[in-house]
Amino acid sequence: MAVALSDLWSSFETTVRGVTVGVELPGVLLALPVALALAAWLTFRFRGSGGDWPRRRRVLLFTTRVVVVICLVLAAAGPYTVVSRTTPGDPQVQMLVDESRSMGVTGADPADLASDIEAEGVPVTRSVIASENTSRIGDAVVANVDRGSSVLLVSDGRVTGGRSLDEAAEIARSANATVHTLDLSVRSPERYVSLAGPAKTSVGVQNAFLVRVGGAGIGNGSATVTVSADGTPIATGEVAGEGAYEFTYTFSEIGSHELTVRLESDDRFGANDVYYKSVRVVPKPRVLYVARGEYPFGDLLERLYDVERADSIPSDLSPYQTVVLQNVPNLALGNVSALQQAVINGTGLVVAGGPSAYERGGYQSSALASTLPVSFGEGGGRTARITLLVDISSSAQSGMRVQKSIALDVLEQLGDENEVGIVGFNTRAFRVQDVVELGGNRSQLQSKIRRLNSRGGTDLGVGLRGASDLLSGPGTVIVISDGNDRGSTAVQAARRLGARGTQVITVGVGNPVNDELLTEVAGVTGGQFLRADETDRLRLLFGGDSRTFASDKLTIVDRNHFITAGVETTANPPLVHDVSVRPGADFLVAAGDGTPAIAQWRYGLGRVVSITAYGNDGTLDGLLQEPDSLLLTKSVNWAIGDPERGATGVVSAPDTRVGQPTRIQYVGEDRPAGPPTFRQVGPRTYETTVTPTRTGFETVVNTTYAVNYPDEYAPLGPAGGLASLARMTGGERFLSGEAERIAEVVTQRAISTRDVRQEWGWVLLTAALIVFLLEVVARRLGAYRRASGRRATTRTGRGVESEND
C-alpha cells in the first residue's frame, strides 16, 4: 500500500498496558540505519594514534557509538508517553431555584432537597433565579453556567421572558456545561381559561369565539364557563379536561365592547379563572362589486358589507376597502390603472372567475395580469430542490415499516422534474443520497429508503441542519417523523432554514405524533403540517406533468392560512381556469384536477385573492353554499384587512397582560389629550406605551382594551423543554426524592480524569551525552595507561643498560 510522504511526519502512537507511547516525527527514524552505518564505517576504519586498535577496543567503541546514535535519533523523533490520571475533585451542587408563582402547583421543596443532598456529604449552593410573576429561566441558566460547570435546575420550565430553554441549551452545550433538571409532579389540580376571537369586527357580522380551558393535573373532569358581553351573560358551556367551548355572537352597536369569561373553579389561583377580551365594532367595510350581470356572489356580499355595485372599475376607488371583480372581460374592466394604484396603496382585490374572466376574458393582455397571484396557460405543479428528511430514531422503530411506506408514498407524489436527496436522522444526520434529478433515479431512491434502519434517540434540529447542508441553498425539506423529541432545537433550526429561503413541510407519522411541534416547525418557514393520509397534497405542489392529481371535490392545500383555516370543503365546481400559481404566491385550494382554485399574495400594500373555479352557469357554483361559502367570505375579509385603514380619529389599543407594556396608537389631526401622554411618531400618528398593573378593562381616548392575568399563571405544570435541556447538555433527569442519587452523580462527575503527557527526548539526550562522556573518559584513561606503561618500560630499559655498562 502506498504511503503519502506527509504521513511519515505525522505523529504515531500505540497503547501498551494502558500507557500510550508515541513519537511526534516518526520519519526521523528513517535516519537511524544511515547513522548506524556511518558510525560503523568511522569506527572500524579509525586506527588510533598508536596504530591499529585491537578488535576488542573497536567493538567497545562501536557499541558506545551505536548507543549515542540511537539516543540522538530517538530524541530527534520526539518520543512521549501519555498516562491517564484520576483526581477526586471537589463535588458540590449549584442549585438554581425557581420560586415563581407557577411553581405553586408542583410538589417541589428545594430546601428539603438541599438538606437531603448535604446529608449525603455534598455541599449545596442555592440561587433563586425566578420569583413572583417573572420566570426568565433561560436567561438564568445562561448566566449561571461557566465552561465545564454543572448545575441542578429546580423549575417547572415555564419561561415568561428572555431566552427560551432551547436557546439556553444551545449556549450551555457550546460551553461544555451540564444542566441537570428535576422531574416535578403536580401537587394539586389547577385550571386556567382564555378566550380567542376577532379583536375587530363589523356591525351585524356573526363572529366565532373559542373559550379554552387548560391546566395541570385536571384529568377529564369538567368545568363550567360563562361568557358575558358588556356585563350581560350571552353563553354558558361545560368544558371537559383540557378542552374548548365555541360560541358565536353578533354585535349590533359600533364602538368598544367588553367580553368576560369566568371559569367556575376552587383551585389555588383565582386570577386565571377570569379572562377579558375587548372587541372593537366598526361600520361595515365598503366594498365595490364590479360585475356585468347579476350573480349570487353579489347578494352574499351585501349581507355582510356595505356594497356598491358597478359594471366597470371607476377612476376613484378611495371610498372602498376592497374591490371584488366577477366575470368581467378585459375590454370591459374599466380603469385598470386606477385599480392597480389603489391596490399598491393598500386596497384589497378579489377576482372571481367565469366564462369571461382570466384567460377566457383576455386578462393575459391586460395590466391586471401583473396584479394577480396566478399566471396563464402554465398549468402543472412546481419543481424544486427537495430533501426528504426521514426519522430513523428508536422512537420510530415500532412504526419503521409505516415510516418507510410513507416516505415511499411522499416520493411517489413528486414529479420527475424535481431534484431530490435523502437524509436520515436520529441524534445525528446521515447523508443517504445526494440531491439528484428524480426522473432517472426514482428506483435508486426507493431502494435506499427501503434499506433504512432505526436506531438512537431523536433530534429533529440536527436532522434539519443535515438537510440544509445537503441542499446547500434554498429549497424544500419534507420531514417524515413522529416529532417526539420534545422540542430540542428544531424550531430554531427551522427559523434559520426559513431565513435562507427554504420551506419545511412536515408529515406526521407514528403513534403518538407531536403535531404541535411539527406544525410549529413547518409554520415558521411558511410551510405546512400534513398528516400521514394527506401526502397527496404534495402532488399538487410538486407533481408536475408526471404526477397528475384527481379529486371529487375542492382540496385544501394550505390549512394554515386565514382563508382556509377551519374550512371543510364539499363543493366541486366543474370548471376552472387554466392558471398556475406565481412564485411568491400561496396556493390555498385546488380544483378537482389539481389546478389552482384559490390563490393569494400581496401586491404592494394590498392583498389580492384569485378565485378561478366556477360552474357551468357562470356562477361560483357550490362555493356559494355552506360550508364552502366560508372560503368566499374569508377571502374578502382577508383582502379587506383592517376595515379602519385610512380613517382618522382612530385608536389602536391591543389587549395585554399585567406587567406587559402595550403600545397604543392614535391616528388623527391633533395630538389626543392625556393621560397618558402621546408622542408624535409620524404624520397624523401619535403613540404612547402603558404598562398595566391590574386585570380588567382600561379606557384610553374612548377606546377600551383588556388586561389579563400574567403569563405566569398559564400554561402550568412541568414544561416538556426541561427533558430536552438536560439531554442536550448531557445532564440527568432526577426525581424530587432522589437526593442520594443526585449526590452520587455529582460526586462521580467531580472525579476528573486527565491525560498527562511526558516528553522523553531530554532523557535520551542526557543518556547520549553521558555515554559519550564515559567513552571519552574511558579512551583518555586507556591512552593514559598505555602512555604510562610505555614510559615505565623505557625507564626500565635504560636502567639495565647502565648496569651493563
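As shown above, the structure is provided for reference.
Because the structure is a prediction, the values reported are computed rather than measured.

Visitor: What's the story with the sheet that holds strand β39 (residues 696–700) in this structure? I'm lost.
Guide: Through backbone hydrogen bonds, the strands of a sheet pair up, either in parallel or in antiparallel fashion. Across the sheet, which stays open at both edges, the 3 strands sit in the order β35-β40-β39 with mixed pairing between neighbours. Only two strands of the sheet have a single neighbouring strand rather than two, namely β35 (656–657) and β39. In terms of strand pairing, β39 meets strand β40 (residues 703–708) through 5 bridges, oriented antiparallel. Residue pairing across strands places Gly696 opposite Val707, the latter belonging to β40.

Visitor: What should I look at first to understand unusual backbone geometry in this one?
Guide: Leaving glycine out, the prevailing phi sign among residues is negative, and the prevailing peptide bond configuration is trans. Of note, the amide linkage connecting Glu626 to Pro627 takes the cis form, showing an omega dihedral of 5°. Mapped onto the elements of the fold, Pro627 is located in the loop between β33 (613–614) and α14 (629–640). Following Ala714, the chain continues into Pro715 via a peptide bond in cis, with omega recorded as -5°. Relative to the helices and strands, Pro715 is located in the loop between β40 and α15 (721–728). Notably, Asn702 is not glycine yet its phi reads approximately 60°, a positive angle. For Asn702, the location among the structural elements is in the loop between β39 and β40.

Visitor: Sorry, what's going on with the nonpolar core here?
Guide: Soluble globular proteins tend to bury their nonpolar side chains together. Core analysis: the biggest nonpolar cluster contains 61 residues, and Leu325 and Tyr363 have the highest contact counts within it. For Leu325, the contacting residues outside a window of four places in its chain are Val290, Ile313, Leu333, Leu339, Leu349, Val350, Val351, Ala352 and Leu368.

Visitor: Could you clarify how one ought to interpret helix α11 (residues 490–499) in this entry?
Guide: Every α-helix winds through 3.6 residues per turn, so residues three or four apart in the chain are directed the same way. Residues of α11 that are buried include every one of Ala490, Val491, Gln492, Ala493, Ala494 and Leu497, and no others. Those residues of α11 that are buried lie in contact with α5 (165–174), α10 (460–471), β25 (502–508) and α12 (515–523). One or two positions beyond α11, positive phi appears at Gly501, with a value near 90°.

Visitor: What's the story with the environment of Leu331 in this structure? I'm lost.
Guide: One can find Leu331 in the loop between β18 (322–326) and α7 (336–344). Taking relative accessible area as the criterion, Leu331 reaches 87% and is therefore assigned exposed. For the pair Leu331 and Arg749, spaced 418 residues apart in sequence, the C-alpha to C-alpha distance is 81 Å.

Visitor: How do you make sense of the pattern of salt bridges when you look at a structure like this?
Guide: Oppositely charged side chains are able to pair whenever their charged atoms sit close together. The full count for this structure, using the stated rule, is 31 salt bridges. Arg537 is the partner of Glu534 in a salt bridge, and the nearest nitrogen-oxygen pair spans 2.9 Å. Where Asp711 meets Arg657, a salt bridge forms, and the shortest distance between an N and an O atom there is 2.8 Å. Of this pair, Asp711 sits in the loop between β40 and α15 while Arg657 sits in strand β35, placing them 54 residues apart in sequence. Asp711 sits in the partly exposed class, given a relative accessible area of 28%. For Arg657, a relative accessible area of 17% gives the class buried.

Visitor: For this particular structure, what's the right way to read the side chain of Arg537?
Guide: Note that Arg537 resides in helix α13 (residues 537–542). Its relative accessible area of 5% is what places Arg537 among the buried residues. Engagement of the side chain of Arg537 in a polar contact is seen with the side chain of Glu534, the distance being 2.9 Å. A polar contact is formed between the side chain of Arg537 and the backbone oxygen of Ile556, at a distance of 3.1 Å. The contacts of Arg537, once residues within four sequence positions are left out, are Gln528, Leu530, Ile556, Val557 and Arg559.

Visitor: How do you make sense of a positive patch on the surface when you look at a structure like this?
Guide: A surface patch of positive charge is lined by Arg785, Arg786, Arg790 and Arg791. Position of Arg786 relative to the elements: it lies in helix α17 (residues 761–804). For Arg786, a relative accessible area of 34% corresponds to the partly exposed category.

Visitor: I keep staring at the pairing of strand β15 (residues 274–282) and nothing clicks. Help me out?
Guide: Within a regular strand, side chains alternate between the sheet's two faces. Most of β15 sits inside the fold, with 9 of its 9 residues counted as buried. Burial along β15 is two-sided: the residues Val274, Tyr276, Ser278, Arg280 and Val282 and Tyr275, Lys277, Val279 and Val281 are all buried. Of the strand pairs in this sheet, strand β9 (residues 200–202) and β15 are connected by 3 bridges, and their pairing is parallel. Along β15, the bridge assignment pairs Lys200 with Arg280. Pairing between strand β14 (residues 255–263) and β15: 8 bridges, direction antiparallel. In the strand pairing of β15, His257 is matched with Val279.

Visitor: I tried to follow the packing of aromatic side chains on my own but got confused; where do I start?
Guide: The geometry of an aromatic ring pair comes down to the distance between the two centres and the angle between the two planes. All told, the structure shown has 10 aromatic pairs when counted by the stated rule. Ring plane angle 20° and centroid distance 5.4 Å describe the contact between Phe209 and Phe247, whose orientation is recorded as stacked. Residue Phe209 is located in strand β10 (residues 206–216), and its partner Phe247 is located in strand β13 (residues 244–250); the two are separated by 38 residues in the primary sequence. With respect to class, Phe209 is no different from Phe247; both count as buried. For the ring pair Tyr666 and Tyr686, a centre distance of 6.4 Å and an interplane angle of 40° mean the geometry is tilted. Taken as a pair, Tyr666 in strand β36 (residues 662–667) and Tyr686 in strand β38 (residues 685–690) lie far apart in primary sequence, 20 residues in all. Here the two residues Tyr666 and Tyr686 agree in accessibility, since each one is buried. Ring-pair connections join several aromatic residues into one group, and the members of that group are Phe209, Tyr245 and Phe247. Over the face of the ring belonging to Tyr709 we find Arg657, whose NZ or CZ atom lies 5.1 Å from the ring centre. Over the face of the ring belonging to Tyr80 we find Arg757, whose NZ or CZ atom lies 3.8 Å from the ring centre.

Visitor: I tried to follow the pairing of β18 on my own but got confused; where do I start?
Guide: Across the 5 residues of β18, 5 count as buried, placing the element largely inside the fold. Summarising the sheet, strand β16 (residues 286–291) and β18 pair through 5 bridges and their orientation is parallel. Paired with Val287 across the bridge in β18 is Thr322. In this structure, β18 lies alongside strand β19 (residues 348–352), joined through 5 bridges in parallel fashion. Residue Val324 lies in a different strand from β19, and its bridge partner there is Val350. Read from β18 through α7 to β19, the crossover connection turns out right-handed.

Visitor: Just to check I follow, could you spell out helix α9 (residues 442–450) for this structure?
Guide: Considered for burial, the residues of α9 that qualify are Arg442, Leu445, Gln446 and Ile449. Along the axis of α9, the buried positions cluster into a sector of 100°, meaning they face one direction only. In this fold, the buried residues of α9 make contact with β21 (385–391), α8 (400–413), β22 (419–425) and β23 (429–437).

Visitor: Mind showing me how you'd approach the side chain of Thr506 here?
Guide: Structurally, Thr506 is set in strand β25. We classify Thr506 as buried; its relative accessible area is 0%. Polar side-chain contacts of Thr506 include one of 3.0 Å to the backbone oxygen of Leu518. Other than its neighbours up to four places away in sequence, Thr506 contacts Val479, Leu518, Thr519, Val521, Ala522, Gln528, Phe529 and Leu530.

Reading the values: rules and limits
- Residues numbered from 1 in each chain as written.
- Predicted model: local features only at pLDDT ≥ 70, side-chain atom pairs only at ≥ 80, totals over all residues.
- Heavy atoms only, no water.
- Pairing = 2+ DSSP bridges.
- Helix = DSSP H or I, 4+ residues; strand = E, 2+ residues; numbered from the N terminus.
- Core = buried A, V, L, I, M, F, W, Y, C linked by side-chain atoms within 4.5 Å.
- Buried < 20%, exposed > 50% of the residue type's maximum accessible area, 1.4 Å probe, protein only.
- Contact = heavy atoms within 4.5 Å.
- Salt bridge = Lys/Arg side-chain N within 4 Å of Asp/Glu carboxyl O.
- Polar contact = N/O pair within 3.5 Å; in protein donor to acceptor, adjacent residues only side chain to side chain.
- Patch = residues over 30% accessible without salt bridge, like charges linked within 9 Å, V, L, I, M, F, W, Y side chains within 5 Å.
- Areas by Shrake-Rupley, 256 points an atom, 1.4 Å probe, with all protein chains shown as cover.
- Lys, Arg positive; Asp, Glu negative; His and termini not counted.
- Charge placed at Lys NZ, Arg CZ, Asp CG, Glu CD.
- Phe/Tyr/Trp six-rings, centres within 6.5 Å; stacked < 30°, edge-to-face > 60°.
- Lys NZ or Arg CZ within 6 Å of the ring centre and 35° of its normal.
- Right-handed = clockwise from strand over helix to strand, strands pointing away.
- Arc of directions from axis to C-beta.

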